[in-house]
Amino acid sequence: MTGDDSSTHQVARSGLVVTVPEAEPAVRAWRDRLDPSVGSGMPAHVTVLFPFLPESRIDDDTLAAIADVFERHKPFEARFEGCGRFPGILYLAPEPAASFRALTEAVVDRWPETPPFGGQFAEVVPHLTIAQGQEDADLDEAEAGLRDRLPVFTRVASVDLMVHDGSRWRQRASFALG
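Residues numbered from 1 in each chain as written. Predicted model: local features only at pLDDT ≥ 70, side-chain atom pairs only at ≥ 80, totals over all residues. Heavy atoms only, no water.

1. Some words on the sheet that holds strand β7 (residues 158–164)
Argument step 1. Sheet architecture is open: 4 strands sit in the order β2-β1-β7-β8, paired in antiparallel fashion. In this open sheet, the two strands that pair with only one neighbour each are β2 (45–49) and β8 (169–176). The sheet shows a mean angle of 35 degrees between the axes of neighbouring strands, direction not considered.
Argument step 2. Sheet topology note: the β7/β8 ladder contains 7 bridges and is antiparallel. The residue bridging V159 from the neighbouring strand is F175, located in β8. (Pairing = 2+ DSSP bridges. Helix = DSSP H or I, 4+ residues; strand = E, 2+ residues; numbered from the N terminus. Axes fitted to C-alpha atoms, helices over the stretch in contact; angles between N-to-C directions.)

Have a look at this one:
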């Protein structure tokens, strides 16, 4: 999850993500080298919402409410054809971005106390992080190395609840779309 530097890897934090295993062959070597979240167990993903609720607030009723939110959205196809950047960050840009934004908006509508990235950014830009906290030369190298590995296609059919135990991310639950 972009913005997941060591200060955000706190015990009992949670996030909702769409994992993209189809991207791993294209991005894994770059992520291993340039994305610190790999070392804490975070797979290639598009963040739906981070941070979400503290794990202590996630009980059976909350899990049922999360499932209800995602059941209202149909599975969809997504593709990653090119890269985008934020300062110090390289990412794959998913299309249709609007489908990912709709998932984020649905969760925020249900839990307005959980704005995306803690409200740091005015606009939600769905993305699959390749590198974060890196110099432009490293981002340029990774982007050039990815060109021949794209596009990547995936079917988005679920959203995973990930929790951080202080050192690693783990999947706590998965919620089917539709």
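The structure having been displayed, the exposition proceeds.
2. Considering the confidence of the model for the protein
Argument step 1. Counting all residues, the mean pLDDT for the protein is 93, and 94% of those residues have values of 70 or more.
Argument step 2. Note that pLDDT drops below 50 for residues 2–9; the model gives that stretch 18 contacts with residues more than four away or on any other chain. (pLDDT = per-residue confidence, 0-100. Contact = heavy atoms within 4.5 Å.)

3. Some points on helix α4 (residues 136–146)
Argument step 1. Every buried residue of α4 is accounted for by L139, A142 and L146. Along the axis of α4, the buried positions cluster into a sector of 65 degrees, meaning they face one direction only.
Argument step 2. Check the buried side of α4 and you find it contacts α1 (24–34), β3 (76–86), β4 (89–95) and β5 (128–132). (Buried < 20%, exposed > 50% of the residue type's maximum accessible area, 1.4 Å probe, protein only. Arc of directions from axis to C-beta.)

4. Considerations on empty space enclosed by the protein
Argument step 1. What the rule picks out here adds up to 1 cavity of 30 Å³ or more.
Argument step 2. Considered as a void within the structure, the largest cavity measures approximately 50 Å³ in volume.
Argument step 3. As for the largest cavity, its lining consists of V46, T47, V48, L49, F50, T104, P116, F117, V124, V125, P126 and H127.
Argument step 4. Of the residues contributing to the lining of the largest cavity, the split by class is 9 nonpolar, 3 polar and no charged. (1 Å grid on protein atoms, 1.4 Å probe; cavity = no way out; pocket = protein on both sides within 12 Å on 5 of 7 lines; lining within 4 Å. Points joined across faces, edges and corners; volume = space filled by probe spheres on them. Nonpolar A, V, L, I, M, F, W, Y, C, P; charged D, E, K, R; others polar.)

5. Some points on the layout of surface pockets
Argument step 1. Taken as a whole, the largest pocket encloses approximately 160 Å³ of empty space.
Argument step 2. What lines the largest pocket is a set of 10 residues, and nearest its centre among them are F86, F117, F121, E123 and H127.
Argument step 3. Of the residues in the lining of the largest pocket, the class split is 7 nonpolar, 2 polar and 1 charged.

6. Focus on unusual backbone geometry
Excluding glycine, residues mostly have negative phi values, and the peptide bonds linking residues are mostly trans.
Argument step 1. With an omega of 5 degrees, the peptide bond running from E95 to P96 counts as cis.
Argument step 2. The omega torsion of the bond from L150 to P151 falls at 10 degrees, within 30 degrees of zero and hence cis.
Argument step 3. Along the chain, the position of P151 falls in the loop between α4 and β6 (152–156).
Argument step 4. With a phi close to 50 degrees, F117 is a non-glycine residue in the positive phi region.
Argument step 5. Relative to the assigned elements, F117 resides in the loop between α3 (97–110) and β5.

7. A closer look at the side chain of Q132
Argument step 1. With respect to the secondary-structure elements, Q132 resides in strand β5.
Argument step 2. Under the relative-accessibility criterion, Q132 is labelled buried at 9%.
Argument step 3. Within the structure, the side chain of Q132 is placed 2.7 Å from the side chain of D35, a separation counted as a polar contact. (Polar contact = N/O pair within 3.5 Å; in protein donor to acceptor, adjacent residues only side chain to side chain.)

8. Looking at the pairing of β5
Argument step 1. Of all 5 residues in β5, 5 are buried; the element is thus mostly enclosed.
Argument step 2. Sheet analysis places β4 next to β5, joined by 4 bridges and oriented antiparallel. Residue pairing for β5: Y91 is matched across the bridge by T129.

9. Focus on the sheet that holds β3
Argument step 1. Spatial strand order, β5-β4-β3-β6: 4 strands in an open sheet with antiparallel pairing. Either end of the sheet is taken by a strand with one partner, and the two such strands are β5 and β6. Taken pair by pair, the neighbouring strands of this sheet meet at an average axis angle of 30 degrees, ignoring direction.
Argument step 2. Most of the contacts of α3 go to β3, to which it runs at about 95 degrees, and overall it touches β3, β4 and β6.

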